[in-house]
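Structural description and commentary
Listed below, chain by chain, are the residues.
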Amino acid sequence: MNKKSILTVLIWLWAFNVAAQKISISPEMRITRSTKFKKDIYKIDAPAGDPKGVITIEGNDIIIDFNYAELRGDASAKNPDEFTGIGILVQNSKNVTIKNLKARGYKIALIARNTERLTLENCDFSYNYRPHLNSTQEKEDISDWMSYHHNEKDEWLRYGAAMYLRGCNFFTIRDCKVTGGQNALMLMESNDGLIVNNDFSFNSGIGIGMYRSSRNRVIYNRIIFNVRGYSHGVYNRGQDSAGILVYEQSNSNIFYKNNVTHGGDGFFLWAGQTTMDTGEGGCNDNLLYGNDFSYAPTNGIEVTFSRNIITANIINECDHGIWGGYSFSTKITGNKFHGNRIGIAIEHGQHNEISDNIFSTDKEAIRLWANAKQDPSWGYAKNRDTRSSVYSILKNSFNENETGINIRKTDTVYVTGNNFSGVRKKYVIDSTTIGLDSSGVFYGLTTGIPSQPGVGKPILIPDPKYAGRKNIMITEWGPYDFKYPILWHTNPVDTSRVMAFKLLGPKGQWKIVSLRGVCCLSDATKTRNFPGEILFNKIPGEENDIEIVMEYKGASFVDQFGKRVPANKPYKFKFRKFFQPINWEVLFYRLDTTSYNPIRAGTLFSATEKKAPFRTEKVNKIDYAWWGGIKEAGIQYTQFITVASGTANIVKGKYELSVTWDDAVRVYVDDKLVLDEWTPSKYTFDESPHKKVIVELDGEHHFRVEHIELGGFATLALKIKPVE
């Protein structure tokens, strides 16, 4: 045997020996070289607030193969909103590949900082942190709204994430999966990356989020049902959830042939606070090409204060197909709009082109306008010309729309070559619009479209069973994923005694285990097949406490917390609706904090001043939201005090008392202070806080709520429900 052959054998034997030396995961593990793990389930908690991960990776030119090992951090937690800590921390590295890893049960499954050329491949980061949602089918709770406006200090981390990258350039994320969480992939100051062939679906927040991240390619991904804040036929708020979020000076990204249906917004782009304050910059020159952004409760695409290209996308059945407020030099071309309330809506836009689009059955195809006035202190308006002006509307096809083109307070619009079929009103244009030109000579943009955005395999054709917003069903933990048995209430605001339900989930059989507050009306009890439909009738006098417990037996499935249930194993599921009426008297008082500030003083009223309420209400629940204060007798009260007192007779038990508020609140039960939130400065983010306390109740109780509103948006809501 020659020397070359001997060397080859030695190298082969060394590689075989290394491959055979698979190691196990242990707490606070540190990896600095290529490693292959033993396949197993490792249950290791991560403490809250610990900046380190269960595993820390730091090094150059290393490959970590987890060999389908599963890292679980939920050993001591019961619910996803209790998950804490970090699973994997990657930092200060180059050329690191992590593959074949499952990690669940953490606040953040993987966080990477200052790592160049990081590759995440074939990893499953499903079922990590997500909050319990407080909105119901009947009414949204304002506390479920999110805010991603700031992230200079990693503010996004309060929402958790499956993957969070900061300062990670030239990254690749390929063939990864995230479901059953809040946010899938969040990028901060991470550029020139490739995100391809991933499945980020059925999460309650964001599929992909970018902040100060540019020149990334997002290609052939499935990013469906990243949504909250929706109840079909009742409200469509979205609550700032989105399939794709692009914020704060994120430029020249390419979004190509992704399936992004059923997002709160399909695509949500905002220039950022820097632009709002100075008028400079934006999220510019991003390309949205060949994607499906259908079935968003709010906007299929929202692009604001920026310059972008939107071409060849599908946008069906959204509130707005495209919302383009303050967009400039933006090209919207070759898109297909169907069944939207408004196809394209742009306020204060400039030098935009709308061409070669097809509008079908949208109530209003195009609306362009400017508002009568703007905040004179607003930095953007002070530094930019914000008139609605210079549009080209060219060669579009309008079909069966109630209104084709609606324009007001706009200067210079070139309209030519458009075709109208079955449109009730082709144009709605008033005297505030000047310079309408249909001569055929038009202003045009010269932006180009890349012929080859990237490599990857095309996404699967969207499953027709998901078509339509009616399939967005938000549970207390996020969007229903059609995998597990559920009893879904289809007429939640119907005031009749009949309650209609769909039995959704895998094929199988069901039976009724117990009923409270209702009796069964449906013939479905004869067949008992899944899926199906069933009716119940409310029992007079018992409709405030309804519980339907059922049992499923059939095919194997994965439940909403990621647990696999074997085939033919009995599985109980239920519907619960509880309302505790309280006889409230609600008094509203004028407040002027320049003369007396109850937050600083600690008491509601000054000892030297007597006040009479400007409004009095008698209600059976506290559930308020005010925008800009309360108007009474022609007076707008932007600051006010709310005092609510009430009594109720309550069945003995342990109850969860929850409050959503803004700006300060105190709650007393039988003159005992049970919730004290009198310091608004504790809550630095622009969301309305929500807090829960557990109380023991039995018989008649007296409740008192004291609330302070200091100006701006205000809310006050109180709920009581039994502890399950």
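Before reading further, recall that the structure is shown in the block above.
Figured I'd write up the structure that's included with this text. The model shown is predicted, which means the values in this text are computed figures rather than measured ones.

1. Some thoughts on a nonpolar patch on the surface
A cluster of nonpolar side chains, Y427, I429 and L436, forms an exposed patch at the surface whose accessible area comes to about 260 Å². Looking at the secondary structure, you find Y427 in strand β37 (residues 425-429). Assessed through its relative accessible area of 40%, Y427 is described here as partly exposed.

2. Thoughts on the pairing of strand β23 (residues 308-311)
For a regular strand, the rule is simple: side chains alternate between the two faces of the sheet. Residues N308 and I310 line one face of β23 and the alternating positions I309 and T311 line the opposite face, and both faces are buried. Note: strand β21 (residues 286-289) against β23, four bridges, orientation parallel. Paired with L287 across the bridge in β23 is I309. Sheet analysis places β23 next to strand β26 (residues 331-333), joined by three bridges and oriented parallel. Within β26, the position partnered with I309 by the bridge is K331.

3. A few points about the environment of D362
Relative to the elements of secondary structure, D362 occurs in the loop between β30 (358-360) and β31 (364-369). Taking the C-alpha atoms as reference, D362 lies 39 Å from Y637; in sequence the two are 275 residues apart. With near-sequence residues (within four places) excluded, D362 lies in contact with F337, H338, G339, N340, G343, E400, N401 and E402.

4. Let's talk about the pattern of salt bridges
Counted according to the given criterion, the structure contains 38 salt bridges. A salt bridge links D319 to R341; the shortest N-O distance between them is 2.7 Å. You can see D319 sitting in the loop between β24 (314-316) and β25 (320-323) and its partner R341 sitting in the loop between β27 (336-338) and β28 (342-347), a full 22 residues away along the chain. A relative accessible area of 36% places R341 in the partly exposed class. Each of the salt bridges in this network shares a partner with another, and the network as a whole consists of R516, D545, E547, K574, R576 and E724.

5. A look at the packing of aromatic side chains
Here the structure, examined in full by the defined rule, presents 48 aromatic pairs. With centroids separated by 4.6 Å and ring planes inclined at 10°, the aromatic side chains of F202 and F225 adopt a geometry described as stacked. You can see F202 sitting in the loop between β13 (199-200) and β14 (206-211) and its partner F225 sitting in the loop between β15 (217-219) and β16 (230-231), a full 23 residues away along the chain. With respect to class, F202 is no different from F225; both count as buried. Considering the side-chain rings of Y326 and W378, the 5.4 Å spacing of their centres and the 85° angle between planes classify their relative orientation as edge-to-face. Taken together, the residues Y326 in the loop between β25 and β26 and W378 in the loop between β31 and α3 (379-383) connect sequence positions 52 residues apart. Ring pairs connect the aromatic residues F202, F225, Y466, Y480, F482 and Y484, which therefore count as one cluster.

Conventions used here
Residues numbered from 1 in each chain as written. Predicted model: local features only at pLDDT ≥ 70, side-chain atom pairs only at ≥ 80, totals over all residues. Heavy atoms only, no water. Patch = residues over 30% accessible without salt bridge, like charges linked within 9 Å, V, L, I, M, F, W, Y side chains within 5 Å. Areas by Shrake-Rupley, 256 points an atom, 1.4 Å probe, with all protein chains shown as cover. Salt bridge = Lys/Arg side-chain N within 4 Å of Asp/Glu carboxyl O. Helix = DSSP H or I, 4+ residues; strand = E, 2+ residues; numbered from the N terminus. Buried < 20%, exposed > 50% of the residue type's maximum accessible area, 1.4 Å probe, protein only. Pairing = 2+ DSSP bridges. Contact = heavy atoms within 4.5 Å. Phe/Tyr/Trp six-rings, centres within 6.5 Å; stacked < 30°, edge-to-face > 60°.

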